[in-house]
Amino acid sequence: MRVAVAGLGLIGGSAALALAQAGHEVIGYDPDDATREAAASKFSVVSDPAALLDAEIAVVAAPMSRLAEVATETFPPGYGGIVTDTASVKAEAARLFAQHPRFVGGHPMTGKETAGFASAEAGLFQGRVWVLCLEAGTDLDDWAALARLWTSVGARVVPATAADHDRSAARISHVEHAVAAALVEVAGDPLSLALAAGSFRDGTRVAASPTGLFAGMAAGNRAELLAALDDLGAELAEARRRIADGPALPGVVAEWFERSRRVRAAWPPGPGEVEEMPLERDALVALGAAGGWVEGFESEVALVRRPRVESTP
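First, a word on what this report is: a plain description of the structure on this page.

Criteria and thresholds
Residues numbered from 1 in each chain as written. Predicted model: local features only at pLDDT ≥ 70, side-chain atom pairs only at ≥ 80, totals over all residues. Heavy atoms only, no water. 1 Å grid on protein atoms, 1.4 Å probe; cavity = no way out; pocket = protein on both sides within 12 Å on 5 of 7 lines; lining within 4 Å. Points joined across faces, edges and corners; volume = space filled by probe spheres on them. Nonpolar A, V, L, I, M, F, W, Y, C, P; charged D, E, K, R; others polar. Core = buried A, V, L, I, M, F, W, Y, C linked by side-chain atoms within 4.5 Å. Buried < 20%, exposed > 50% of the residue type's maximum accessible area, 1.4 Å probe, protein only. Helix = DSSP H or I, 4+ residues; strand = E, 2+ residues; numbered from the N terminus. Contact = heavy atoms within 4.5 Å. Pairing = 2+ DSSP bridges. Axes fitted to C-alpha atoms, helices over the stretch in contact; angles between N-to-C directions. Salt bridge = Lys/Arg side-chain N within 4 Å of Asp/Glu carboxyl O. Expected span 1.5 Å × (residues − 1). Phe/Tyr/Trp six-rings, centres within 6.5 Å; stacked < 30°, edge-to-face > 60°. Lys NZ or Arg CZ within 6 Å of the ring centre and 35° of its normal. Parallel < 35°, antiparallel > 145°, perpendicular 65-115°, else oblique. Left-handed = near helix turned anticlockwise from the far one by under 90°.

So, on to empty space enclosed by the protein. Considering all chains together, one arrives at 1 cavity of 30 Å³ or more under this definition. Space inside the largest cavity adds up to approximately 50 Å³. What lines the largest cavity is Ala 6, Gly 7, Tyr 29, Pro 31, Ala 62, Arg 66, Val 70 and Thr 74. Classifying every residue of the lining of the largest cavity by side-chain character gives 5 nonpolar, 2 polar and 1 charged.

Membership of the largest hydrophobic core comes to 43 residues, with the highest contact counts inside it found for Phe 125, Leu 132, Trp 143, Trp 150 and Val 294. At the level of elements, strand 1 (2-6), helix 1 (10-21), strand 4 (57-60), strand 8 (129-133), helix 5 (140-151), helix 12 (281-289), strand 11 (293-298) and strand 12 (301-305) are the ones that each hand at least two residues to this core. Not counting residues up to four positions away in its chain, the partners in contact with Phe 125 are Ile 11, Ser 14, Ala 15, Ala 18, Pro 108, Thr 110, Trp 130, Val 153, Gly 154 and Ala 155. Residues Ile 27, Ala 55, Ala 93 and Phe 103 belong to the second largest nonpolar core, which totals 22 residues.

On to the sheet that holds strand 2 (residues 25-29), then. Strands sit in the order 3-2-1-4-5-6 across an open sheet of 6 strands; the sheet is parallel. Edge strands, defined here as strands with exactly one partner in the open sheet, are strand 3 (44-45) and strand 6 (103-104). Pairing of strand 2 with strand 3 involves 2 bridges; the strand directions are parallel. Each bridged residue has a counterpart across the sheet, and for Gly 28 the counterpart in strand 3 is Val 45. Sheet contacts for helix 1: strand 1 and strand 2; angle to strand 1, the most-contacted strand, approximately 165°.

Across the junction of Trp 267 and Pro 268, the peptide omega takes the value -5°, indicating a cis bond. Structurally, Pro 268 can be placed in the loop between helix 11 (251-265) and strand 10 (275-278). One non-glycine residue, Ser 299, adopts positive backbone phi at about 60°. Given the relative accessible area of 60%, Ser 299 is considered exposed.

Every regular strand shows the same layout, with side chains that alternate between the two sheet faces. By the bridge criterion, 5 bridges tie strand 11 to strand 12 in an arrangement that is antiparallel. Bridge pairing in strand 12 places Val 294 opposite Val 304. The hairpin formed by strand 11 and strand 12 contains 2 residues between the paired strands, and Ser 299 there has a positive phi angle of roughly 60°.

Quick look at the layout of surface pockets now. Roughly 210 Å³ of internal volume is contained in the second largest pocket. The wall of the second largest pocket is formed by 17 residues, among which Ala 94, Phe 103, Val 104, Glu 135 and Thr 138 lie closest to the centre. Mapped by element, the contributors of at least two residues to the lining of the second largest pocket are helix 4 (90-96) and strand 6. Of the residues assigned to the lining of the second largest pocket, the class counts are 8 nonpolar, 4 polar and 5 charged.

Let us look at the pattern of salt bridges. Counted under the stated rule, the structure contains 19 salt bridges. A salt bridge links Arg 102 to Asp 142, with the nearest nitrogen and oxygen atoms 2.8 Å apart. Remark: Asp 142 occurs in helix 5 and Arg 102 occurs in the loop between helix 4 and strand 6; sequence separation between them is 40 residues. When salt bridges with common partners are traced through the structure, they connect Glu 238, Arg 241, Arg 242 and Glu 255 into a single cluster.

Here helix 5 contains 12 residues, and its C-alpha end-to-end distance of 16 Å stays within 8% of the 16 Å for a straight helix at 1.5 Å per residue. Among the 12 residues that make up helix 5, 9 are buried, leaving the element largely enclosed by the rest of the structure. Inspection of helix 5 places Asp 142, Trp 143, Ala 144, Ala 145, Leu 146, Ala 147, Leu 149, Trp 150 and Thr 151 among the buried residues, and these make up the whole buried set.

Let's shift gears to the environment of Glu 185. Note on placement: Glu 185 falls in helix 6 (residues 162-186). Taking the C-alpha atoms as reference points, Glu 185 and Trp 143, 42 residues apart in sequence, are found 42 Å from one another.

Turning our attention to the packing of aromatic side chains. Within the structure shown, the criterion is met by 5 aromatic pairs. Residues Phe 43 and Phe 117 carry aromatic rings whose centres are separated by 6.2 Å and whose planes lie at 75° to one another, so their mutual orientation is edge-to-face. You can see Phe 43 sitting in the loop between helix 2 (33-39) and strand 3 and its partner Phe 117 sitting in the loop between strand 7 (106-108) and strand 8, a full 74 residues away along the chain. Accessibility assignment for this pair places Phe 43 and Phe 117 in one class, buried. In this structure an aromatic cluster arises from ring pairing among Phe 125, Trp 130 and Trp 150. The positively charged end of Arg 148 is found above the aromatic ring belonging to Phe 297, 4.4 Å away from the centroid. Just above the ring of Trp 293 sits the side chain of Arg 156; from NZ or CZ to the centre is 4.1 Å.

Put simply, helix 10 (residues 222-244) and helix 11 touch, their axes get as near as 8 Å, and they point 155° apart. If you check the angle between helix 10 and helix 11, you find them roughly antiparallel. For helix 10 against helix 11, the interelement crossing comes out left-handed. From helix 10, Glu 235, Glu 238, Ala 239, Arg 242 and Ile 243 reach across to helix 11, where they touch Val 252, Val 253, Glu 255, Trp 256 and Arg 259.

Structure, rendered in structure tokens:
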């Protein structure tokens, strides 16, 4: 397919590289001259965004702060192709692209702490989840065209509504950025940083992300992030209450910790057997809600997997 990619940072650049490697015709654009120059040796790059408008699919990989501009100027409502995005907040993206009848929100659940085209890689999406929003008004043919596109680069496509995505993203990504930043503040003295090892490294990795990334998450998904922070605060308060209950230690703390240990030890779940599923909205949304994904197509049937149910360690 002929695919335009607007924004050639880590995600957009990786998408362009992956699509070109998979045999699609890619046209890339980025407002930064140096980025365009670096990308031009890998795929076709244009200096005028108007040259993107003859593509069948437009992939918007711009920051949340620029989505409104892209929705009105780069791909105005008269654009006839399918429009999708890569932003981490889907309800707000859908609102900004409301005048585009063929808009399908998307979010690849992967990334790095480093940004820019220099960090992009074609294999970034291999085996990773790519959420594609499926609303009541979404055209199933457009949704399936994008699902075919992203499975062609090795991604697992998870169908979800924008509202369900934003609630889950707040809890598995956005609140983690806030927690990572808070952990850095708690352990910011020289001795603590000198002693820090694996648990500090893994727990604070996303605190090294570009500041604008988290700012966009907080602004675009404010209500869900606040709800997630409230739930996190309640859990930490419960942990503190149990730790403060000196006479009952360590049993009450072990009981609290064990619940989470079991869930984390069972993650990620293994994949079940491949199933065939007709392209029906309700069935696909239910598949995503159950943790399943689309990994390919056979004619007009989706090839899907669900998580394998295993005994808890």
